[in-house]
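# Reading the structure
Each chain is listed here by its residues.
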Amino acid sequence: MKKLNVGGYFNILAAILGVVGTILTIVSSTMSADNTLAGLPMIAAAGIAGAVLCVLAVWTSGRFGNFDLIGSVSLLAAIGLFFYTFGAAVGQRVMMIAGLFSFNAGNTTGWSVFYVSVGAWACLLVGCLVLIISGFLRTVKENA
């Protein structure tokens, strides 16, 4: 941890945001039997795998230096997995959201699911943004 630079901290932050976003996605799917996500195990596995790849990028950069191939590919894969988790959850919530904002505005359970889902989506999108920024920064400090 002493060798980490700003990019390394951003990668760890993105991993934490990815795990929180994935947990919130799971929670939103289990709040109501009417609002479960199809393919939830795959969505959860993609989010957790993205977080693991963020940590892998930090570890490989500490071992092989900044901007190594494995770390760079891990960052790209993590961004893709976080976007997959986001897109799969949003795609299945579109009809619920449309109903909440039109004819089913009194569905309190639906609104609770919506609020938790928005929190999950925010975590995943901010995690992707942080990963994109960290891709341009040094992960570990170089020896002088």
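Structure: above.
What counts and what doesn't
- Residue positions are given per chain, counted from 1 along the sequence in the order it is written.
- Totals for whole chains, interfaces and linings use all residues, but because this is a predicted model, local features are given only for residues with pLDDT of at least 70 and pairs of side-chain atoms are given and counted only at 80 or more.
- Side-chain numbers come from the whole structure's heavy atoms, not from hydrogens or water.
- As used in this record, nonpolar core signifies buried Ala, Val, Leu, Ile, Met, Phe, Trp, Tyr and Cys residues forming a set joined through side-chain atoms within 4.5 Å.
- For each residue, the accessible area found with a 1.4 Å probe, counting protein chains only, is set against the maximum for its type, and the residue is called buried under 20%, exposed over 50%, and partly exposed in between.
- Where helices and strands are cited, they refer to DSSP runs of H or I of at least four residues and of E of at least two residues respectively, numbered from the N terminus.
- Convention adopted: a line fitted to C-alpha atoms gives each axis, helices being fitted over their contacting stretch, and angles between N-to-C directions are expressed from 0 to 180 degrees.
- In these notes the angle categories are as follows: under 35 degrees is roughly parallel, over 145 is roughly antiparallel, 65 to 115 is roughly perpendicular, and the rest is oblique.
- Residue contacts follow a heavy-atom distance rule, with two residues in contact if any of their heavy atoms lie within 4.5 Å.
- Nonpolar residues are Ala, Val, Leu, Ile, Met, Phe, Trp, Tyr, Cys and Pro. Charged residues are Asp, Glu, Lys and Arg, and all others, Gly as well, are polar.
- Left-handed is the label given to a crossing in which the near helix is rotated counterclockwise from the far helix by less than a right angle, and right-handed is the label when the rotation is clockwise.
- To estimate how far a helix should extend, the number of its residues minus one is multiplied by 1.5 Å.
- Fitting one axis to the seven residues ending at a residue and another to the seven starting there, the bend at that residue is the angle between the two axes.
- Patch definition: residues with relative accessible area over 30% and no salt bridge; like charges joined within 9 Å; nonpolar side chains (Val, Leu, Ile, Met, Phe, Trp, Tyr) joined within 5 Å.
- Using a 1.4 Å probe, accessible areas were evaluated by the Shrake-Rupley method; residue-level cover was limited to the displayed protein chains.
- Note on definitions: salt bridges are taken to be side-chain nitrogens of Lys or Arg within 4 Å of carboxyl oxygens of Asp or Glu.
- Side-chain rings of Phe, Tyr and Trp, where Trp is taken by its six-membered ring, are said to pair if the distance between their centres is within 6.5 Å; with planes under 30 degrees apart they count as stacked, over 60 as edge-to-face, and otherwise as tilted.

A few words now on the nonpolar core. Ala14, Ala15, Cys54, Leu75, Ala78, Phe82 and Leu131 are the most contacted members of the largest nonpolar core, which has 14 residues in total. Mapped by element, the contributors of at least two residues to this core are helix 1 (6-30), helix 2 (40-64), helix 3 (69-100) and helix 4 (108-134).

This paragraph deals with the packing of helix 1 against helix 2. With their axes 8 Å apart at the nearest point, helix 1 and helix 2 run at an angle of 170° to one another. By the angle class used here, helix 1 and helix 2 are roughly antiparallel. For the pair helix 1 and helix 2, contact is made by Gly8, Asn11, Ile12, Ala14, Ala15, Val19, Thr22, Thr25, Ile26 and Ser29 and by Leu40, Ile43, Ala44, Gly47, Ile48, Ala51, Cys54, Val55, Ala57 and Val58, respectively. Of the residues assigned to the contact of helix 1 with helix 2, the class counts are 14 nonpolar, six polar and no charged.

Here the focus is the packing of helix 2 against helix 3. Between helix 2 and helix 3, whose axes approach to 8 Å, the crossing angle comes to 160°. The orientation of helix 2 with respect to helix 3, classified from their angle, is roughly antiparallel. Once helix 2 is placed against helix 3, the crossing between them reads as left-handed. Tallied by class, the residues present in the contact of helix 2 with helix 3 amount to 18 nonpolar, seven polar and no charged.

Turning to helix 3, a few remarks are in order. Spanning 32 residues, helix 3 covers 45 Å between terminal C-alpha atoms, matching the ideal 46 Å at 1.5 Å per step. Its maximal kink placed at Val94, helix 3 deviates by approximately 45°.

Looking now at a nonpolar patch on the surface. Together, Ile23, Val27 and Met31 line one region of the surface with nonpolar side chains, adding up to about 230 Å² of accessible area. Note that Met31 resides in the loop between helix 1 and helix 2. Assessed through its relative accessible area of 36%, Met31 is described here as partly exposed.

Turning our eyes to something else, we now look at helix 1. Given 3.6 residues per turn, any residue in an α-helix points the same way as the ones three and four places further on. Between its terminal C-alpha atoms helix 1 stretches 36 Å, which fits the 36 Å expected from 25 residues at 1.5 Å a residue. Among all positions in helix 1, only Gly7, Gly8, Asn11, Ala14, Ala15, Leu17, Gly18, Gly21, Thr22, Thr25, Ser28 and Ser29 are buried. Where helix 1 is buried, its residues touch helix 2, helix 3 and helix 4.

With that settled, the discussion passes to the packing of aromatic side chains. Inspection of every chain in the model, using the stated rule, returns six aromatic pairs. Each ring, one from Phe101 and one from Trp111, has its centre 5.1 Å from the other, and the planes form 75°; the classification is edge-to-face. Residue Phe101 is found in the loop between helix 3 and helix 4, and its partner Trp111 is found in helix 4; the two are separated by ten residues along the sequence. What makes Trp111 buried here is its relative accessible area of 17%. With centroids separated by 5.7 Å and ring planes inclined at 55°, the aromatic side chains of Phe114 and Tyr115 adopt a geometry described as tilted. Overall, the relative accessible area of 13% leaves Phe114 in the buried class. Take Tyr115: its relative accessible area is 53%, and that puts it in the exposed class. Following the ring pairs from residue to residue traces out a cluster consisting of Phe101, Trp111, Phe114 and Tyr115.

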